[in-house]
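Each chain, letter by letter, is given below.
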Amino acid sequence: VMRFDSVAFKGFDFNVVYSKNPSGDELKNGAAGVTSASYESGGTWGGRVRYNNGGFTALVSLLDQQPQGSAYGATHGQRAGVGYMFKQGPLTGLKFGVEYDKTSIDCPSAAGYPASPFGIAPLGTKAASRTVYSVPVQYQWGKHGVYATYTKAGNTTSIADTGATQTNLGYDYALTKRAFVGLYYTDLKNSAKGIYAPFLSGSALGGSAPNYGNATGPAGAP
């Protein structure tokens, strides 16, 4: 991995990072029936510009990833966010913001391309993309902190009912500068064709077969 981090100047700083293969060992991203993937191809680069001054924060970041030796398409990500924290007055300790993310995957030609591991047919040469909005709010006073975040993911392009919403609520109390106790609640709602595989939810260590937002999922799915 090659990485450059700039010094901060009047609240601004930026970084750039590049890696030939951050996605895992050989065959991790392969696909049965596709032999055109080359281990000479691939590579990931990304960067961000950040501003943090006077209680105001902003961030813009980009990611472009083509897993080495992968039969699947490149991933492109763009993210932007802004936030503000009150440092004086009756609202001191209140912080809120909004974040926007758009991620897309270039889908290879359907010819010789295997069905998606999630039961969704490939989209030909058209890129599949999805946007996500997130609104975090937190308030801290003394040793106490309360947190709330609402996130909404839209449908994947050309595939209806694949969106999701998530609500997080939390509270913690600082026992020391490095030790906290708290309670957090998360409510995740997937649309009928929304797919997720919670960590350790199945019998295999590290994950399980995908689950759908409803009892049956798309036609032919478990």
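Here's what I pulled together on the structure shown here. (Residues numbered from 1 in each chain as written. Predicted model: local features only at pLDDT ≥ 70, side-chain atom pairs only at ≥ 80, totals over all residues. Heavy atoms only, no water.)

**Details of the overall build of the chain**
And step 1. The secondary structure content of the chain amounts to zero helices and twelve strands.
And step 2. Shown N-terminal to C-terminal, the secondary structure of the chain runs as helices and strands in the order β-β-β-β-β-β-β-β-β-β-β-β.
And step 3. For the chain, the proportion of its 222 residues judged to be buried stands at 23%.
And step 4. As displayed, the chain has an accessible area near 14,200 Å², and 60% of this comes from carbon and sulfur atoms. (Helix = DSSP H or I, 4+ residues; strand = E, 2+ residues; numbered from the N terminus. Buried < 20%, exposed > 50% of the residue type's maximum accessible area, 1.4 Å probe, protein only. Areas by Shrake-Rupley, 256 points an atom, 1.4 Å probe, with all protein chains shown as cover.)

**Some words on the side chain of Ser19**
And step 1. Relative to the helices and strands, Ser19 is located in strand 2 (residues 12-19).
And step 2. In this structure, Ser19 is in contact with Val1, Gly43 and Thr44, ignoring residues within four places of it in sequence. (Contact = heavy atoms within 4.5 Å.)

**A look at the sheet that holds strand 5 (residues 75-85)**
And step 1. One open sheet accounts for ten strands, arranged 1-2-3-4-5-6-7-8-9-10; its pairing is antiparallel. Among the strands making up the open sheet, the edge pair consists of strand 1 (2-5) and strand 10 (180-190). Direction aside, the axes of adjacent strands within the sheet are offset by 10° on average.
And step 2. Across ten bridges, the pairing between strand 6 (residues 94-105) and strand 7 (residues 128-141) is antiparallel. Each residue of the ladder has a partner; that of Ile105, found in strand 7, is Ala128. (Pairing = 2+ DSSP bridges. Axes fitted to C-alpha atoms, helices over the stretch in contact; angles between N-to-C directions.)

**So, the pattern of salt bridges**
And step 1. As enumerated under the stated definition, the model contains four salt bridges in all.
And step 2. Residue Asp13 pairs with Arg50 through a salt bridge whose shortest N-O separation is 3.0 Å. Remark: Arg50 occurs in strand 3 (residues 43-53) and Asp13 occurs in strand 2; sequence separation between them is 37 residues.
And step 3. For Arg50, a relative accessible area of 36% corresponds to the partly exposed category.
And step 4. Residue Asp101 pairs with Arg79 through a salt bridge whose shortest N-O separation is 2.9 Å. (Salt bridge = Lys/Arg side-chain N within 4 Å of Asp/Glu carboxyl O.)

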